[in-house]
Amino acid sequence: MSDAELVLRSTRVITPEGTRAASVAVAAGTITAVLPYDAPVPESAGLEDLGDHVLLPGLVDTHVHVNDPGRTEWEGFWTATRAAAAGGITTLVDMPLNSLPPTTTVAHLRTKQRVAAGKAHIDVGFWGGALPDNLKDLRPLHEAGVFGFKAFLSPSGVDEFPHLDRDSLARTMAEIAAFDGLLIVHAEDPHLLASAPQQPGPKYADFLASRPRDAEDTAIARLIREAKALNARVHVLHLSSSDALPMIAEARAEGVRLTVETCPHYLTLTAEEVPDGASEFKCCPPIREAANQDLLWQALADGTIDCVVTDHSPSTADLKTDDFATAWGGISGLQLSLAAVWTEARRRGHGLEDVVRWMSARTSELVGLDDRKGAIAAGRDADFAVLAPDETFTVDPAALQHRNHVTAYAGRTLYGVVKSTWLRGQRIVADGEFTEPKGRLLTRQP
């Protein structure tokens, strides 16, 4: 520890080997050692004694819609990264929509990076977008450092980001597989969505019927077939249908290079509790029934689902009308994701080690950042969240750092108060007080 500049000490440090009392030594923004709790601290090092608060690796959220530039009134890098930091997230990967322009060419990526520079309170990376007409842009984007490519199999909700049909999906997947890139997919079948009953109005049951499980299941089955044929890397975004789990497990057992995520809202909210007209609960695919949720939790426990990410997809309040058919679809939950998942996880008998695996270790692995992020271990970035796991708070939308104070979690009492968040050994937020932005823009490593 002789070179340590900072030592963080806690009776509960979550490491890849388990939770233990430890002292974590930091120098030049990197963890240099994880030592016994009572290891002597050099006189030249600062000591941060966290007592019984839990020290966990900063979360890595690989599914965030920052919407900047172009729809910055919906969110923005300044507000999104503050909200993330307040919730214990130290790295996010930005989706290629709903910004204007979308991240579908290298020039558009550079625009996004220029806007983010100087505004990011945490580290930020970028996904590219796969459209029917940008096949030639995929390899250049890959070489420019995007972490992979997002595609929709059904309409995205914004005109500038059209979905892939059957033929364009095959061409896109083949092109990305040629350089061993990662295709991440919003998987709902457009034909089954179009044939589902479409009943406008405030009833959540009508909206749920308009986004049936078989639309997800059919689209995922198609992805599996294409990925198997091409030996392609494919990631299923925001899984909500538990009916797809058996085919996912079978495909993985057969060696298909398939990973899967789900989201806090699918794990903590249920269709039965959504009030009519409350479109802050609207997302696509939708929040489903409690029995479906139980199966998602089982799939997390057995590894069929790899990770949990927010799909933070905010909008201005006026777009959240009481008509589920026309209201903007998206859940705002970036600042609350850790607490929401931990609250339900502890009720179901899971520990914080499980939450860290789902929300930090495996998300880091997904985007190839697991050499720097996702664990408290020597050689990793000194990114931490300090959590009081047994303390509770009641969600007040007005107190959130999100640009628009609309959230499906309003009024819910959650376990897990983030006391401070650290980025490369520097405390970036504590007790609601933020430093100036210290985040870096990340690119995929070759």
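Reading guide: rules and limits
Residues numbered from 1 in each chain as written. Predicted model: local features only at pLDDT ≥ 70, side-chain atom pairs only at ≥ 80, totals over all residues. Heavy atoms only, no water. Helix = DSSP H or I, 4+ residues; strand = E, 2+ residues; numbered from the N terminus. Buried < 20%, exposed > 50% of the residue type's maximum accessible area, 1.4 Å probe, protein only. Contact = heavy atoms within 4.5 Å. Areas by Shrake-Rupley, 256 points an atom, 1.4 Å probe, with all protein chains shown as cover. Lys, Arg positive; Asp, Glu negative; His and termini not counted. Charge placed at Lys NZ, Arg CZ, Asp CG, Glu CD. Pairing = 2+ DSSP bridges. 1 Å grid on protein atoms, 1.4 Å probe; cavity = no way out; pocket = protein on both sides within 12 Å on 5 of 7 lines; lining within 4 Å. Points joined across faces, edges and corners; volume = space filled by probe spheres on them. Nonpolar A, V, L, I, M, F, W, Y, C, P; charged D, E, K, R; others polar. Arc of directions from axis to C-beta. Core = buried A, V, L, I, M, F, W, Y, C linked by side-chain atoms within 4.5 Å. Disulfide = S-S within 2.5 Å. Salt bridge = Lys/Arg side-chain N within 4 Å of Asp/Glu carboxyl O. Axes fitted to C-alpha atoms, helices over the stretch in contact; angles between N-to-C directions.

Trainee: Is there a simple way to explain the overall build of the protein in this structure?
Mentor: Looking only at helices and strands, one finds 12 helices and 18 strands in the protein. Each of the three principal axes of the protein carries a C-alpha extent, and together these read 70 × 45 × 40 Å. Every one of the 446 residues in the protein was classed for burial, and the buried ones make up 61%. Put simply, of all contacts in the protein between residues at least 6 apart along the chain, 74% involve residues at least 24 apart. Looking at the protein as shown, the accessible area adds up to about 15,900 Å², and 49% of this sits on carbon and sulfur atoms. Measuring between centres, the 42 positive side-chain charges of the protein sit 3 Å from its 60 negative side-chain charges.

Trainee: Explanation requested: the pairing of strand S11 (residues 182-186) in the structure shown.
Mentor: The side chains of a regular strand alternate between both faces of the sheet. Among the five residues in S11, five count as buried, and that is most of the element. Judged by which residues are buried, S11 turns out to be covered on both faces: Leu182, Ile184 and His186 on one side and Leu183 and Val185 on the other are all buried. Inspection of the sheet shows strand S10 (residues 149-152) paired to S11 by four bridges, in the parallel sense. Among the inter-strand pairings, Lys150 is bridged to a residue of S11, identified as Ile184. Here four bridges tie S11 to strand S12 (residues 233-236), and the two strands are oriented parallel to one another. Considered in S12, the bridge of Leu182 is made with Arg233.

Trainee: How do you make sense of the layout of surface pockets when you look at a structure like this?
Mentor: Picture a little ball the size of a water molecule; that probe, rolled over the atoms, points out where space is still empty. Here the largest pocket is characterised by a volume of approximately 630 Å³. Lining the largest pocket are 36 residues; nearest its centre among them are Pro155, Ser156, Arg211, Lys282 and Cys284. At the level of secondary structure, the elements contributing two or more residues to the lining of the largest pocket comprise S10 and helix H6 (204-210). Here the lining of the largest pocket is built from residues that sort into 14 nonpolar, 15 polar and seven charged.

Trainee: Any chance you could explain helix H3 (residues 135-144) here in plain terms?
Mentor: Three or four residues apart is the spacing at which side chains of an α-helix point the same way, because the helix has 3.6 residues per turn. Looking at H3, one finds that the buried residues are Asp137, Leu138, Leu141, His142 and Ala144. With its buried residues spanning 155° around the axis, H3 presents them on a single face. Residues of H3 that are exposed and angled more than 90 degrees away from the buried face: Lys136 and Glu143. Buried residues in H3 make contact with helix H2 (106-116), strand S9 (128-129), S10 and helix H4 (166-178).

Trainee: Can you help me understand the pairing of strand S16 (residues 413-423) in this one?
Mentor: In this sheet, S16 lies alongside strand S15 (residues 384-394) in antiparallel orientation, the contact comprising eight bridges. When the sheet's bridge partners are listed, Thr392 is paired in S16 with Tyr415. Sheet topology note: the S16/strand S17 (residues 426-430) ladder contains four bridges and is antiparallel. Residue pairing across strands places Leu423 opposite Gln426, the latter belonging to S17. Connecting S16 to the next strand, S17, in antiparallel fashion are two residues, including Arg424 with a positive phi near 50°.

Trainee: Hey, could you run me through the sheet that holds S12 in this one?
Mentor: Note: strands within a sheet are paired through backbone hydrogen bonds, in either parallel or antiparallel orientation. The strand order across the open sheet built from six strands is S9-S10-S11-S12-S13-S14, with neighbouring strands paired in parallel fashion. If you trace the sheet from one side to the other, it starts and ends with S9 and strand S14 (307-308), each paired once.

Trainee: So what exactly am I meant to see when it comes to the nonpolar core here?
Mentor: A general trend in soluble globular proteins is that nonpolar side chains are found buried together. Residues Phe149, Leu223, Leu239 and Leu258 are the most contacted members of the largest nonpolar core, which totals 99 residues. Broken down by element, the residue count for this core peaks at six residues, all from helix H11 (residues 337-347). Sequence-distant contacts of Leu239, that is, excluding residues within four places in its chain, are made with Glu216, Ile220, Ala244, Leu245, Ile248, Val260, Glu261, Thr262, Tyr266, Leu296 and Ile305. Ranked by size, the runner-up nonpolar core spans 14 residues in total, among them Leu6, Val13, Ile31 and Leu50.

Trainee: Explain the environment of Asp137 to me, please; I cannot follow it from the model alone.
Mentor: For Asp137, the position within the fold is in helix H3. Taking the C-alpha atoms as reference points, Asp137 and Arg211, separated by 74 residues in sequence, lie 32 Å from one another. Leaving out residues up to four positions away in the same chain, Asp137 has contacts with Thr104 and Thr105.

Trainee: What should I look at first to understand the state of the cysteines in this one?
Mentor: Here a disulfide denotes one covalent bond, and it connects the sulfur atoms of two cysteines. This structure, assessed with the given rule, holds zero disulfides. In this model Cys263 remains outside any disulfide bridge; the closest cysteine sulfur is found in Cys283, 7.6 Å from its own. Not part of a disulfide, Cys283 finds its nearest cysteine sulfur in Cys284, a span of 6.8 Å.

Trainee: Even after reading the chapter, I still don't get the pattern of salt bridges, so can you show me in this structure?
Mentor: Here the structure, examined in full by the defined rule, presents 25 salt bridges. The salt bridge involving Arg427 is made with Glu48; its shortest N-O contact spans 2.8 Å. Of this pair, Arg427 sits in strand S17 while Glu48 sits in strand S4 (residues 46-49); the two residues are 379 residues apart in sequence, bridging distant segments of the chain. For Asp123, the salt bridge goes to Lys373, with nearest N and O atoms at 2.6 Å. Of the two residues, Asp123 is situated in strand S8 (residues 123-126) and Lys373 in the loop between helix H12 (352-366) and S15; the sequence distance between them amounts to 250 residues. Residue class for Lys373 comes out buried when judged on its relative accessible area of 3%.

Trainee: Sorry if this is basic, but what is going on with helix H1 (residues 77-86) here?
Mentor: The element H1 is extensively covered by neighbouring structure, given that eight of its 10 residues are classed as buried. Of all the residues in H1, the buried ones are Phe77, Thr79, Ala80, Thr81, Arg82, Ala83, Ala84 and Ala85. Where the residues of H1 are buried, they touch strand S7 (89-94), H2, S8, S16, S17 and strand S18 (433-434). Residue Gly88 follows H1 closely and has a positive phi angle near 85°.

Trainee: Explain the packing of H2 against H3 to me, please; I cannot follow it from the model alone.
Mentor: Where H2 contacts H3, the two axes come as close as 9 Å, and the packing angle between them is 35°. Contacts between H2 and H3 pair Val106, Leu109 and Arg110 from the former with Pro140, Leu141 and Ala144 from the latter. Classifying every residue of the contact of H2 with H3 by side-chain character gives five nonpolar, no polar and one charged.

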